[in-house]
Structures are given as C-alpha cells and as structure tokens.
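Listed below are the residues making up each chain.
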Amino acid sequence: MIKITVPATSANVGPGFDCLGLAVNIFSTFTFEPSQKQLEILGCDSTYQNDSNLVYQAFVKGCNYLGEEVPRLKLTIDSDIPVSRGLGSSASCIVAGIKASGLWFDQDFTSDTLVKLATQIEKHPDNIAPAVYGKLCSAFF
C-alpha cells in the first residue's frame with residue numbers, strides 16, 4: 001500500500017501573479033493498493049469514480065513516463081481540500097498520482113521531475129510547486 005498526503009495550495013499570491021503560491025494546512029490523503037479490478041476508486045463523488053479521475057490520469061502519466069504498464073489499482077481518496085474553491089485540489093490530485101506511480105515501481109521521482117510532470121497536466125506551477133515543496137514558492141515555466 002502507498003499512502004501520500006498532499007497539502008492544499010493558494011496561488012496568485014500578492015504581486016506574484018501566476019508565479020507565487022503557498023501550501024496551507026489543509027490536506028488530502030491518497031491510498032494506492034493493488035486491486036482485482038482494473039480500477040476501483042473510493043472516497044469521492046461517483047462522478048469521479050472512473051478512468052477520467054484526475055488522480056488516476058496523473059498516475060497513468062507517471063507510469064507512461066517510466067515506461068511501465070498501468071497496474072490494476074484501488075485508489076482511496078480522503079480529502080479535506082474543497083473542490084473548485086481555489087485551494088489547489090487539482091494540484092494535490094496530480095501530485096499524488098504522479099508520485100504514487102513512481103513509488104509503485106520503486107522509482108521515486110525527484111521533486112523537480114515531479115513538478116515538471118505535474119505542471120504538464122495542471123499548467124499552473126504556482127499551485128504545483130507548493131504542493132510538492134511546501135511553504136511559499138515561486139515557480140514559472
């Protein structure tokens with residue numbers, strides 16, 4: 001079992017529009033386990049319990065980056081980060097999915113690689129960087 005906790009983030013901080021973001025004390029925890037089914041997702045609205053789930057999509061991206069086949073997966077989401085409220089819920093999902101794919105195959109991503117891959121999905125490094133590094137971050141691509 002792989003368990004990953006990622007903080008919420010707030011981006012566009014002060015005069016650092018699209019560059020500054022910070023981690024806040026609200027968290028999502030994601031658990032990844034082998035499954036008998038191709039994909040099981042628990043802990044979120046049924047609308048997101050399919051292969052379009054952002055955590056799963058990020059996990060697949062990580063597997064593809066590593067050149068590994070996507071395994072059968074049970075994903076459990078326990079999130080205190082509200083969806084679509086400006087606290088980086090999508091960034092937390094993406095970071096968790098990519099990080100878990102590396103850990104699944106015993107190839108932990110460096111923080112820089114994690115930020116690079118996650119930003120390819122999110123397009124907003126000001127949310128991704130603090131989700132990875134914590135604290136206040138400046139990021140641009």
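Residues numbered from 1 in each chain as written. Predicted model: local features only at pLDDT ≥ 70, side-chain atom pairs only at ≥ 80, totals over all residues. Heavy atoms only, no water.

Sorry, what's going on with the overall build of the protein here?
Helix and strand counts for the protein stand at four helices and five strands. Taken from N to C terminus, the helices and strands of the protein fall in the order β-β-β-α-β-α-α-α-β. The C-alpha radius of gyration of the protein comes to 14 Å, within 12% of the 14 Å expected for a compact globule of 141 residues. Dimensions along the principal axes, computed over C-alpha positions, put the protein at roughly 50 × 30 × 20 Å. When burial is assessed residue by residue, the protein has 44% of its 141 residues classed as buried. Put simply, of all contacts in the protein between residues at least 6 apart along the chain, 67% involve residues at least 24 apart. By element, 50% of the accessible surface of the protein is carried by carbon and sulfur atoms, the whole surface being about 7,400 Å². (Helix = DSSP H or I, 4+ residues; strand = E, 2+ residues; numbered from the N terminus. Rg over C-alpha atoms; globule rule 2.2 N^0.38 Å. Buried < 20%, exposed > 50% of the residue type's maximum accessible area, 1.4 Å probe, protein only. Contact = heavy atoms within 4.5 Å. Areas by Shrake-Rupley, 256 points an atom, 1.4 Å probe, with all protein chains shown as cover.)

Just checking my understanding: could you explain helix H3 (residues 111-122) for this structure?
Structural remark: α-helix, 3.6 residues per turn; residues separated by three or four positions point the same way. Here H3 contains 12 residues, and its C-alpha end-to-end distance of 16 Å stays within 8% of the 16 Å for a straight helix at 1.5 Å per residue. For H3, the set of buried residues is Leu114, Val115, Leu117, Ala118, Thr119 and Glu122. Those residues of H3 that are buried are in contact with helix H1 (54-66), helix H2 (89-104) and helix H4 (125-133). Remark: Lys123 follows H3 within two positions and exhibits a positive phi of approximately 70 degrees. (Expected span 1.5 Å × (residues − 1).)

Is there a simple way to explain the packing of H1 against H3 in this structure?
Two elements in contact, H1 and H3, have axes separated by 11 Å at closest approach and are oriented at 125 degrees. As the angle between them shows, H1 and H3 are arranged oblique. When the axes of H1 and H3 are compared, the crossing they make is right-handed. Counted together, Leu54, Ala58, Lys61 and Tyr65 of H1 and Thr113, Leu117, Gln120 and Ile121 of H3 form the full contact between these two elements. Class assignment for the residues of the contact of H1 with H3 results in five nonpolar, two polar and one charged. (Axes fitted to C-alpha atoms, helices over the stretch in contact; angles between N-to-C directions. Parallel < 35°, antiparallel > 145°, perpendicular 65-115°, else oblique. Left-handed = near helix turned anticlockwise from the far one by under 90°. Nonpolar A, V, L, I, M, F, W, Y, C, P; charged D, E, K, R; others polar.)

Explain unusual backbone geometry to me, please; I cannot follow it from the model alone.
In this structure, Asp106 takes a positive phi of about 55 degrees despite not being glycine. For Asp106, the location among the structural elements is in the loop between H2 and H3. With a phi close to 70 degrees, Lys123 is a non-glycine residue in the positive phi region. For Lys123, the position within the fold is in the loop between H3 and H4. For Lys123, a relative accessible area of 60% puts it in the exposed group.

Would you mind showing me how to read the nonpolar core here?
Soluble globular proteins tend to bury their nonpolar side chains together. Grouped together as the largest cluster of nonpolar side chains are 32 residues, with contacts concentrated most on Phe30, Phe32, Val95 and Ile98. Secondary structure elements with two or more residues in this core: strand S1 (2-11), strand S2 (20-34), H1, strand S4 (73-79), H2, H3 and H4. Not counting residues within four places of it along the chain, the set of residues in contact with Phe30 comprises Ile2, Lys3, Ile4, Val6, Val55, Leu75, Thr76, Ile77, Ser92, Cys93 and Ala96. (Core = buried A, V, L, I, M, F, W, Y, C linked by side-chain atoms within 4.5 Å.)

By themselves, these are just geometric observations and shouldn't be taken as functional.
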